[in-house]
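Residues per chain, in single letters:
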Amino acid sequence: MDIILKIVSIGLITCLATLVIRPLRNDFAIFIGIAGGMIIIFLVINYFTGVLSSFKDIISYTGLNSNLYTLLLKIIGIGYLLEFTAGICNETGNNSLGDKVLLGGKLVIMVMAMPIITNILTIIMGLLPK
Amino acid sequence: MDVEIIFKIAAIGLLTAVVGQILKQTGKEEISTFATLAGLVIVLVMVLNLIGDLFSTLKTIFNF
């Protein structure tokens with residue numbers, strides 16, 4: 001319960017600090033927002049490694065190829081990075097830039113996931129009666 | 001990774017705003033601009049360090 005208190009208080013402090021700074025200097029308010037978001041993510045990023053290692057255990061039980069797991073991990077990481085970057089872009093007022101970042105990331109994810117999709121398709125084609 | 005970086009950025013913002021206002025009042029427009037720019041660069045470096053830390057951590061977690 002300690003960590004949730006930390007997250008909530010950091011969020012509130014960041015909000016109030018941006019509220020105080022925004023009329024004085026608008027650009028600094030954005031920096032405060034970014035820093036607050038970073039601190040919250042760094043607080044919870046250790047939990048993430050725990051979740052990922054338990055995922056790895058589950059994958060090893062199923063006996064799937066571990067390449068699939070690393071690919072999935074990469075795609076999840078790209079998703080988080082994109083979300084974060086697009087959020088910063090939107091916050092600074094560049095909404096269209098954020099959309100382009102998201103679009104580019106989606107395309108990269110699509111390209112990375114293409115081998116899996118073709119794999120599934122070839123399996124299905126093999127199952128079909130000739 | 002502490003909360004104090006938020007307060008640091010807020011304090012630098014307040015300080016540069018006040019210093020810029022004072023310098024502008026005393027008629028030193030160009031020094032005021034430079035003071036504001038210096039504050040902005042300091043904060044920018046702090047935030048960029050944070051972003052770089054985040055990216056390297058994500059890189060190690062998701063083994064890119």
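Shown above is the structure to which this text applies.
These figures come from a predicted structure and were not determined experimentally. (Residues numbered from 1 in each chain as written. Chains lettered and ligands numbered in written order. Predicted model: local features only at pLDDT ≥ 70, side-chain atom pairs only at ≥ 80, totals over all residues. Heavy atoms only, no water.)

Caption draft 1: Here's a closer look at the overall build of chain A. Each helix and strand counted, chain A has 4 helices and 0 strands in total. Each helix and strand of chain A, ordered N terminal to C terminal, gives the series α-α-α-α. A globule of 130 residues ought to have a C-alpha radius of gyration of about 14 Å, yet chain A, at 20 Å, is considerably larger. Of all intrachain contacts in chain A linking residues separated by at least 6 positions in sequence, the fraction that spans at least 24 positions is 54%. Accessible surface, chain A: about 8500 Å² in total, of which carbon and sulfur atoms supply 73%. With 8 positive and 6 negative side-chain charges, chain A shows a spacing of 9 Å between the two charge centroids. (Helix = DSSP H or I, 4+ residues; strand = E, 2+ residues; numbered from the N terminus. Rg over C-alpha atoms; globule rule 2.2 N^0.38 Å. Contact = heavy atoms within 4.5 Å. Areas by Shrake-Rupley, 256 points an atom, 1.4 Å probe, with all protein chains shown as cover. Lys, Arg positive; Asp, Glu negative; His and termini not counted. Charge placed at Lys NZ, Arg CZ, Asp CG, Glu CD.)

Caption draft 2: Representation of the packing of aromatic side chains in the model. Residues and elements named next belong to chain A. Inspection of every chain in the model, using the stated rule, returns 2 aromatic pairs over all chains. Look at F28 and F31: their rings are 6.4 Å apart centre to centre, the planes differ by 80 degrees, and that puts the pair in the edge-to-face class. Of this pair, F28 and F31 both sit in helix α2 (residues 26-62), 3 residues apart, roughly one helical turn. Considered together, F28 and F31 belong to a single accessibility category, that of buried residues. A ring pair is formed by F48 and Y80, whose centres lie 5.1 Å apart and whose planes are at 90 degrees; its orientation type is edge-to-face. Here Y80 lies in helix α3 (residues 66-91) and F48 lies in helix α2, a separation of 32 residues in the sequence. By relative accessible area, which is 21% here, F48 ends up partly exposed. Note on Y80: relative accessible area 45%, which makes it partly exposed. (Phe/Tyr/Trp six-rings, centres within 6.5 Å; stacked < 30°, edge-to-face > 60°. Buried < 20%, exposed > 50% of the residue type's maximum accessible area, 1.4 Å probe, protein only.)

Caption draft 3: Representation of the side chain of T14 of chain A within the structure. Inspection of the secondary structure puts T14 of chain A in helix α1 (residues 2-21). Within polar-contact distance, the side chain of T14 of chain A engages the backbone oxygen of I10 of chain A at 2.6 Å. When sequence neighbours within four positions are dropped, the list of residues in contact with T14 of chain A reads I32, G33 and G36 of chain A together with I6 of chain B. (Polar contact = N/O pair within 3.5 Å; in protein donor to acceptor, adjacent residues only side chain to side chain.)

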